[in-house]
Structure formats: structure tokens, C-alpha cells
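One letter stands for each residue in the lines below.
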There are 2 protein chains.
Amino acid sequence: MSTDGVPQRTGDNLDPWYANYAERASGLSASEVRALFAVASRPEVVSLAGGMPFVSALPQELIQDAMQRVMVENGPTALQYGGGQGIPELRAQILEVMALEGIKASVDDIVTTTGSQQALDLVTKLFIDPGDVILAEAPSYVGAIGVFRSYQANVVHVAMDDDGLIPDALRATIARLRGEGRRIKFLYTIPNFHNPAGVTLSAERRPEIIEICRENEILILEDNPYGLLHFDEPVPNALRSLDPEGVIYLGSFSKTLAPGFRVGWALAPHAIREKLILAAESAILSPSSFSQMVVSEYLATADWRAQIDRFRGVYRERKDAMIEALSEHLPQLSWTNPNGGFYVWVTLPDMLDSKQMLPRAVRELVAYTPGTAFFADGRGRHAMRLSFCYPTPEAIRTGVRRLATVVNGELDLLDTFAGTGRLQLPAAPDYGSTPPSDLR
Amino acid sequence: MSTDGVPQRTGDNLDPWYANYAERASGLSASEVRALFAVASRPEVVSLAGGMPFVSALPQELIQDAMQRVMVENGPTALQYGGGQGIPELRAQILEVMALEGIKASVDDIVTTTGSQQALDLVTKLFIDPGDVILAEAPSYVGAIGVFRSYQANVVHVAMDDDGLIPDALRATIARLRGEGRRIKFLYTIPNFHNPAGVTLSAERRPEIIEICRENEILILEDNPYGLLHFDEPVPNALRSLDPEGVIYLGSFSKTLAPGFRVGWALAPHAIREKLILAAESAILSPSSFSQMVVSEYLATADWRAQIDRFRGVYRERKDAMIEALSEHLPQLSWTNPNGGFYVWVTLPDMLDSKQMLPRAVRELVAYTPGTAFFADGRGRHAMRLSFCYPTPEAIRTGVRRLATVVNGELDLLDTFAGTGRLQLPAAPDYGSTPPSDLR
């Protein structure tokens, strides 16, 4: 587009507007998980990378029936704008869902959102000025780190072990940061079947974490998409159940029902909830009436608890397949053994770099998420996240076998070159930018 | 929640976290339109306030059929996460929609969003640092002003007349702001059937506006939800059709189909589009697969152009009813006479204040949106927006008759008190905070 006599825009050929972006835009970069979507979509690749629920296990006819009824009985309402807070019927049902983890709340304090990801975005928008600190487990959810970065937060990780976030580490981190004069805005935590670590915060530690945050006047952002997907005993009560004024709780129907509707929610202390609704209205006016009404109708008419039980059975079988395959083919590695959720966290020997190894894995037709995706500070090179949610047990066994070929090949190579200096493996290739909608 | 021996949080009783919000949170406040939602929902009130399309005019069976086919043929894909950019099939169909306004583009440069409101939010997030200036028509869309405020932009209004934005006013405003050393990030404009002003940017002015922005290296954000809803001749070609590298175009299915799906889009220059996708993924991971697929299936199988024609007929009849009623009952006022869209902008005599008058109007069972909602600088007290999109022609006539009672009552009152000093009318009451999902 050039017009005679009109000055051309400055900027470069690639982006004439590059000088115009907000400072925060520099925090937007493609995540490793995102790049992987393109790789993992090839049908011959066993993807242990994504976090997609196995929606084929859903009673599709019941969902269709719910849609049909919503349209026949309330079509014009379903097709119309709704309120920014979400429909009251669904919010009342969300109370029943949360009651399973000990939460008592008012329907007024729930805001339904476009997936709980949007709630994460809105809470961050509401609280984070550039440079503010957010505490998060080490490692933490890649999508949360991305949101926090997009508002120019500094994420500081806090150590975790098999019982979840370590209270002493939390205390020490807070003390250090306060000593440095830094402003801590909230603790972001995934207490149940942690993404990516696979561990659960023990019942004993929960009141202790609450207490530490209360003493230090630090808000808790409790992200709990997986809590109901336990394999054996249920998870301990939610942090929110222990401190209604100190916790913003995020929930989702993406894992217990289906992500395609994009229905999640935030439960927040009253004054925060007011601001959350305003932020939500500013961002999208109102969440989809239709999506909310279908989810509500499904909850009202289907045996959703039994369906969650079925999901537990599906995921448990897959988790067992993964752990057995790891034991058989990669006994030299260590991993977490989750009691629910979607993920196993695998630790590699120090000489292996999961990001550098990924191209070889893809050549062997298996994909995983490198550990670096889950840290804001460059750590995670010697770890990876394996997902067991989507592939069949058979595919999982195949995938882990392929992964063993890659890992053992790398170790052999390192043995061969031992003493010749650090072996430099090539960087991961560019997998393109458009994640396909149908991942395997 | 008090725990013995544990220090209580600072902050006040209403909000223990009040000291923790980000600076931008102070820009979040309830809009007049929002407060009105609660009022307008009472069935006895004729609301000329909202912007809800008349979805009852939709062929509901065709939409149900589309849903059913999506579920039967592609259920697991519809229920799953999708890509952050939106599904390719729908993006290809969006090209056909935009071609009606002269736009040629690549399917790669479209990002589907949770309504075009989300696109507005993402573009603002991408470009606005606190204090940056956004140019916007005087008046402008209340939801855009809200988003801009939420990212701490300064909105500077540019005068418009019956032919839309005035080029000389735009030149003068840019020169003044540049002289003050202020940083202008973009021009936000609604060229067609402006919300709230009801006017359309003339064909002659379009290249001139483009030229001014190009010379000054100012990006244009073209918001066009109503363009296809013309009553007589179609609108001139989109600004985007004249300068693909200088315009981000926002479109929506909320007015031409239904808002309940929350499907809108942005068409952006290539480099900006890349960042928009990252911002969208950060905000919500992916837009609803199900919603996008239903819209796509509807577009593929229904005669959507004929349906838009039917909408034109419905809205034209309602606009005519409103203009006739205004002419009959309020001949002393002036108003715009739109050739499409949803809104008429009414100018009151200087001694009337539309915000102060609103409680009386509601008592007379009619609601409107006070003009102040559409300005970032406090103007608009002597104007109001009347919507003709949702109520029937009969209800519109009743509403305008009631409005005339209120206006004439106020004028009589002012006459009575003439010479006794400025009459102080009471402030508008608090209408509560929860907008209902079913507005009238």
C-alpha cells in the first residue's frame, strides 16, 4: 500500500506498527506447548504433550438432548446477550459442584467466565501492576505463567515436593522478597493433581499455607480444574473452604464435562467479585448464554457425578499404563505418581535437556512438553511433562516405548562422547504458529 | 474469618484487599448502560436503552438443525479445545461476509474472538500503555470507552456530524495532541450506523480519514457490527478495504445472527495478527469450538443473506416507528435519522439533563441511555440514545409517548421555576449491580 506523495510509515517491512505496541506486548510469546500443538497433530505422532480431556467418553446424546431442550424451551434467551456475571441457575449448580470439596458460598459471589483461563486473566488484570510479584509453585501451569507475563508480573517460584507446596519454602521466599522491598500480590497455586507436577497439597499443609498467607496479607488464587478427577480417595477440602475472605477460587467444566463450551468460573470475596464482574463485562460483555444454558441443562438432567466417575476410570487406566510403561522402559528416570488429574512429571538425568531432545522424540513419533515451559525463570531443562489424558492406554505404552528409545539413544551418545566436552545438541525447530483444533 | 493470635488484614471492612488492586482497576466502574439493565428488565418498562438484537426473528429450527448436525457429525471436535485463532472453516466464511463491504483478505489474518468485544479488549491490551491517547468519535460506544479506560488510555473525542467523523476536526485534534507531546495510539471509529450517534461516515470522507491517519502514522481500529443492517442503499466500502496495512477491522455475528454464541472477529495486518493470537490464547486459550462450528454450519446451510434482509425489514419498521413518534410527540427536540443499525441520538434543550431526568422516565415506565455514557470527558448531559432494535413498533410508540410526558413535564417545571435559580434535580438512584439475562 503506497500512495504517491504520502510519507510511508516508519517501522520495518515485517511490521510497520512495531514501535506502537504497549510495553506488555513484549511479554507475549509463543509457548512451547503451543508450538507443540502443530507437531502433535500429525496422526502418526503419539502426543503425550497436550492437556485435552477425552471427550469421546461423554454421553453425547445427553448433551444433544440438553441443547435441544434449551433451544425449544428458551431459544430466544439462549441466543441473546446475558448478564456479565453469568446465569443464576448455573451459578447455583456450581455451588453444588464446589460443595464436593467443602466449599460453602453464595451464588452471588460466583462469576462465570469463558473457561477458567479467562478468570485467571481477569484476576491478573485486576491485581497486577508491572513489576508486581506473583508466587507460584515450581513448576507451574504454562498458561498461568503466560497470563502473568502478559501483565508484566514477575513470577517467583516456590519449591514443592510430593505433598505439594512446601510451607517453609513459602515462608522463606516471602521473607526474602519482602526484604528486597518487592510487592507480592498473590500466591497462585494448583493444590490438586498439579499441572504439571502431578502432586497434591496434603491436608496437613493446607491450613498452614492459609496461615502463612494470612499473616503476610497475601491473597491466594486457588486454581482447581482437576480436583474431582481423583483415582482413589477424594482430595482434601479446598483452600477456599478454610478462608473465604482470603482466597479466589477458580473452577472449570473443561475437564469434568467439555472444554468446547468454554465455561469456567471464579468464586471471589464479595468486594473483589464486584470488580471481577466489571472486568468481565469490559472484556466480553457477557459469557455465552447458550453455552451456560446447555451446561446448566446437562447438570440438571444428566447424572453428572456418575459421568465424572466414568472419567476417573478412564484416566486411572491411562495413568496406570503410563506408570507401568515408565517402570518397564525407563527405570533409570524418576517420576511422580499422581492420584488424579492428567499429568506425570518426569525428571531426567542432569546431562539430558528435554527441550533439545524434543526434535529427536518427534522423529521417533512421540511428543511431550519440555519442563522449561513450566518455569518463568529458565529452569526445567531436565524435566518433562507427560499427559495421559487423551491417548489410549495402548498409545501411551507405544509412546513411552518410543520415548525410551530417544532417552537411551541420547544417553548412549553422551557415553560415546564422554570426555570430549559438553555435547551440543541442535536447537528445537520452528513448528509453525497455528495450533490445529483437533489434537491427538 | 478471624483466627486467634493471627494479625488481621489491613484494608477496610468492605474490602480487605482494597490496597492490592492494580492501578488500572480504578478505571473499572459500572456504566450507565449497565445500571440500566436492572431497571429495564422490569416487564412494565419500555426499554429504549439496550442494544439487544431481536433474535426472535431468527429461523430457530435452522439453528437447531445446525447444532444437531455439528454434534452428530463432529461431536468430539465441537466439545474439545480448538486453536487460539479460531476454526479455519468459519474464518473462510467470514471472508465472504466481509467481501460484502469490499474487503479482500487472507483467512490467515482473521482471529475469531468471544464477541468482537474481546477483540476490542485484546487490541487495547496490545497497544495501550497508561496515558496513551485513543481518538474516538464524540460520542462513542460505551463498551469501547470502558475497555480503553480499563487499560488506562486517555480517550480524546473528535467531532462528528451527519456525515460521520469530520476530517478537519481529526486533523486539528491530532495537531493539538502532537503539539502537547502526547502519544496517539489509534483512532477508534464506528463508520456505519454509529453507536450511539446513528450516522454513517460518507464515502467521500473515507479516503480522507485514511489519508490523515496514514500521514500521521496512526492505526485505525474500525468497529463494524452494524454495516450489513442498512435500510436503503448499502454502506460505502469498509475503511479496511482502502488500507489493509493501516486498519484493524472488527466484525461480529452478534447483530447479523445472535449474540448468545459470542462469536466475533478481528482482521488485522499480518504482524499484528500474530500478536493478537498470542493475546487471545493468553486470555481464553481458545474460543468455543462448539459456538464457532454452529455458526459455521448455519452459514453453510441457511440462507444467511436472506435472514439479514429480514432483520433489515424488522429494524426499518421499528426505526420508522421511532422517528414518527418523535416527530409527533417531541417535535421540539432534534435527532438523527439513521439509515441502518439500532440507534437514534436525541439532542435535548440545554436546560435538560438526561441523567438527572432518568429516574422520572423510569417512573413513567420508559428507559433510555443518558448521553454521558458515551463520552469519556463528561459531555453528553443534553443528549440520550434511543434504541429501536428490541421493542416492537407499538412498544416504541408507547415508550416515546411516555418520554414526551417526562420531557414536557421537566420543561414545564423549569418554566414554573424560571428566575428562581438553577433547579437542582435529585441524582439518579442506585439500580443495583446484577444485570438480568433477559432484557426488554
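The rules behind these values
- Every chain's residues receive numbers from 1 upward, in the order its sequence appears when written.
- Chain A is the first chain written and ligand 1 is the first ligand written, with later ones labelled in order.
- For this predicted model, a pLDDT threshold of at least 70 governs which residues receive local features, and a threshold of 80 or more governs which side-chain atom pairs are given and counted, while totals over whole chains, interfaces and linings are taken from all residues.
- The side-chain quantities take in all heavy atoms of the structure and omit both hydrogens and water.
- Note on contacts: a residue pair qualifies if any of its non-hydrogen atoms lie within 4.5 Å across the two residues.
- By definition, the buried area sums, over both parts, the 1.4 Å-probe accessible area that each loses when the two are put together.
- Salt bridges are counted wherever a side-chain nitrogen of Lys or Arg sits within 4 Å of a carboxyl oxygen of Asp or Glu.
- Polar contact criterion, stated in full: a pair of N or O atoms within 3.5 Å, where within protein one must be able to donate a hydrogen and the other to accept it, and residues adjacent in sequence count only if both atoms are side-chain atoms.
- Put simply, DSSP marks the helices as runs of H or I at least four residues long and the strands as runs of E at least two long, and each gets a number from the N terminus on.
- Each residue gets one of three labels, nonpolar for Ala, Val, Leu, Ile, Met, Phe, Trp, Tyr, Cys and Pro, charged for Asp, Glu, Lys and Arg, and polar for the others, Gly among them.
- Superposition of the copies used a least-squares fit over C-alpha atoms from residues whose pLDDT is at least 70 in both.
- Note on exposure labels: buried denotes an accessible area under 20% of the residue type's maximum, exposed denotes more than 50%, and partly exposed covers the range between, all computed with a 1.4 Å probe on protein chains only.
- Two strands are counted as paired when DSSP detects at least two bridges linking them.
- Here an axis means a line fitted to C-alpha atoms, over the contact stretch when the element is a helix, while the angle between two N-to-C directions is reported on a 0 to 180 degree scale.
- How far each domain reaches was decided by an automatic or database domain assignment.
- Here pLDDT means the predictor's own confidence in every residue, given as a number from 0 to 100.
- Any angle from 65 to 115 degrees is called roughly perpendicular, while one under 35 is roughly parallel, one over 145 is roughly antiparallel, and all others are oblique.
- By the definition used in this description, the sense in which the near helix is turned from the far one sets the handedness, with an anticlockwise turn below a right angle giving left-handed and a clockwise turn giving right-handed.
- Here the expected length of a helix is defined as 1.5 Å per residue gap, with one fewer gap than residues.

Engineer: Explain the interface of chain B and chain A to me, please; I cannot follow it from the model alone.
Structural biologist: Buried accessible area, meaning the area lost when the parts come together, often serves as the stated size of an interface. Contacts between the two partners involve 105 residues from chain B and, on the opposite side, 108 residues from chain A. At the boundary of chain B with chain A, total buried surface from both sides reaches about 9,100 Å², with 56% on carbon and sulfur atoms. Here chain B is connected to chain A by 2 salt bridges. For Asp121(A), the salt bridge goes to Lys125(B), with nearest N and O atoms at 3.5 Å. On the surface where chain B and chain A come into contact, there are 38 residue pairs in polar contact (both at pLDDT 80 or more). Counting only elements with at least two residues in the side of chain B that touches chain A, the list comes to helix H2 (60-79), helix H4 (115-127), helix H5 (142-150), helix H7 (205-215), helix H9 (270-284) and helix H10 (289-301) of chain B. The class makeup of the residues in the side of chain B that touches chain A is 51 nonpolar, 33 polar and 21 charged.

Engineer: Sorry, what's going on with the relation of the copies chain B and chain A here?
Structural biologist: Between the two copies of this chain, the relationship is a rotation about some axis together with a displacement along it. Relative to chain A, chain B is turned by 180 degrees and slid 0.0 Å along the rotation axis, the superposed coordinates differing by an RMSD of 0.0 Å. Classification of the inter-copy transformation places it as that of a two-fold axis. Comparing contact sets, 100% of the residues at the interface of chain B also lie at the interface in chain A, consistent with an isologous, same-surface contact.

Engineer: When you look at the environment of Gln93(B) in this model, what are you seeing that I'm missing?
Structural biologist: Within the secondary structure, Gln93(B) sits in helix H3 (residues 88-99). The buried category is assigned to Gln93(B), whose relative accessible area is 12%.

Engineer: Just checking my understanding: could you explain the sheet that holds strand E3 (residues 133-138) of chain B for this structure?
Structural biologist: Two orientations exist for strands paired in a sheet by backbone hydrogen bonds: parallel and antiparallel. Residues and elements named next belong to chain B. Taking strand neighbours across the sheet as the criterion, the 8 strands line up as E2-E9-E8-E7-E6-E3-E4-E5 in an open arrangement whose pairing is mixed. The open sheet terminates on both sides in strands that have one partner only, identified here as strand E2 (110-114) and strand E5 (164-165). Pairing of strand E8 (residues 247-252) with strand E9 (residues 263-267) involves 4 bridges; the strand directions are antiparallel. Pairing of tyrosine 249 across the sheet is with leucine 267, part of E9. This element, H3, spans E2, E8 and E9 of the sheet and lies at about 100 degrees to E2.

Engineer: Mind showing me how you'd approach the domain arrangement of chain A here?
Structural biologist: All names here are of chain A. Under the domain assignment used here, chain A contains domain 1 (24-53 + 306-416) and domain 2 (74-302). A straight line from the C-alpha centre of domain 1 to that of domain 2 covers 25 Å. With 31 residues of domain 1 in contact, the opposing surface of domain 2 contributes 31 residues. Put simply, domain 1 and domain 2 have 1 salt bridge between them. Here aspartate 232 and arginine 316 are joined by a salt bridge, their closest N and O atoms 2.7 Å apart. Counting the contacts that link domain 1 with domain 2 gives 12 residue pairs in polar contact (both at pLDDT 80 or more).

Engineer: Looking at this model, I keep getting lost on the confidence of the model for chain A. Mind explaining?
Structural biologist: Caution applies to low-pLDDT regions: their predicted coordinates should not be interpreted in detail. Residue and element names in this part refer to chain A. Overall, the predicted model of chain A reaches an average pLDDT of 91, with 89% of residues at or above 70. Low pLDDT, under 50, characterises residues 421-440; the stretch is placed with 50 contacts to residues that sit more than four places away or in other chains. Our summary of model confidence lists the complex with pTM equal to 0.92 and ipTM equal to 0.91.

Engineer: In this structure, what is going on with the pattern of salt bridges? I would like to understand it.
Structural biologist: Oppositely charged side chains are able to pair whenever their charged atoms sit close together. Applying the stated rule across the entire model yields 46 salt bridges over all chains. Note that Glu180(A) and Arg182(A) form a salt bridge whose closest N and O atoms lie 3.5 Å from each other. Between Asp132(B) and Lys185(B) there is a salt bridge whose closest N-O contact spans 2.5 Å. Remark: Lys185(B) occurs in strand E6 (residues 184-189) and Asp132(B) occurs in the loop between H4 and E3; sequence separation between them is 53 residues. We note that Asp132(B), like Lys185(B), is buried. Look at the salt bridges and you will find they share partners, linking Asp129(A), Asp132(A), Arg183(A) and Lys185(A) into a network.

Engineer: Explanation requested: the pairing of strand E7 (residues 219-223) of chain B in the structure shown.
Structural biologist: Along any regular strand, the residues point their side chains to alternate faces of the sheet. Residues and elements named next belong to chain B. Burial of E7 is extensive: 5 of the 5 residues sit out of reach of the surface. Covered by surrounding structure in E7 are Leu219, Leu221 and Asp223 together with Ile220 and Glu222, the residues of both alternating faces. Note that E6 and E7 share 4 bridges and pair parallel. Bridging across to E7, tyrosine 188 finds its partner in leucine 221.

Engineer: I'm lost on the packing of H2(B) against H10(B) in this one. Help?
Structural biologist: Two packed helices can be described by the angle between their axes and the distance between those axes. Residue and element names in this part refer to chain B. The geometry of H2 relative to H10 is characterised by a closest axis approach of 9 Å and an angle of 130 degrees between their N-to-C directions. Between H2 and H10, the angle falls in the class oblique. Helix-helix and strand crossings are classified by hand; for H2 and H10 the assignment is right-handed. Contacts between H2 and H10 involve Ile63, Ala66, Met67, Arg69, Val70, Met71, Asn74, Thr77 and Ala78 on the former and, on the latter, Ser289, Phe290, Met293, Val294, Glu297, Tyr298 and Thr301.

Engineer: Before we go on, may I ask you to explain helix H3 (residues 88-99) of chain A in this structure?
Structural biologist: Each α-helix turn comprises 3.6 residues. Residues three or four places apart therefore point the same way. In this model H3(A) runs 17 Å from its N-terminal to its C-terminal C-alpha over 12 residues, within 8% of the 16 Å that 1.5 Å per residue would give. Those residues of H3(A) that are buried are in contact with strand E2 (110-114), strand E8 (247-252), strand E9 (263-267), helix H10 (289-301) and helix H11 (304-329) of chain A.

Engineer: Help me understand the environment of Arg312(B) in this model?
Structural biologist: All names here are of chain B. Mapped onto the fold, arginine 312 is located in helix H11 (residues 304-329). When its relative accessible area of 17% is taken as the criterion, arginine 312 is described as buried. C-alpha separation for the pair arginine 312 and proline 139, spaced 173 residues apart in sequence, amounts to 24 Å. Not counting chain neighbours up to four residues away, the residues in contact with arginine 312 comprise Leu228, Leu229, His230 and Phe231.

Engineer: Is there a simple way to think about the packing of helix H4 (residues 115-127) of chain A against helix H9 (residues 270-284) of chain A in this case?
Structural biologist: Residues and elements named next belong to chain A. One can describe the packing of H4 onto H9 by two numbers: an axis separation of 10 Å at closest approach and a directional angle of 110 degrees. Relative to H9, the element H4 lies roughly perpendicular. The hand of the H4/H9 crossing is right-handed. When H4 is examined against H9, the residues Gln118, Leu122, Val123, Lys125, Leu126 and Phe127 are found in contact with a partner set consisting of Ile272, Lys275, Leu276, Ala279, Ala280, Ser282, Ala283 and Ile284. Of the residues that constitute the contact of H4 with H9, the class distribution is 10 nonpolar, 2 polar and 2 charged.

Engineer: Any chance you could explain unusual backbone geometry here in plain terms?
Structural biologist: Among all residues except glycine, the phi angle is most often negative; among peptide bonds, the trans geometry is most common. With an omega of 15 degrees, the peptide bond between Asn195(A) and Pro196(A) qualifies as cis. Examined against the element boundaries, Pro196(A) turns out to sit in the loop between strand E6 (184-189) and helix H7 (205-215). Although it is not a glycine, Leu365(A) sits at a positive phi angle of roughly 70 degrees. Within the secondary structure, Leu365(A) sits in the loop between helix H12 (354-363) and strand E12 (366-367). Owing to a relative accessible area of 25%, Leu365(A) belongs among the partly exposed residues under this scheme. Non-glycine residue Gln152(B) carries a positive phi angle of around 65 degrees.

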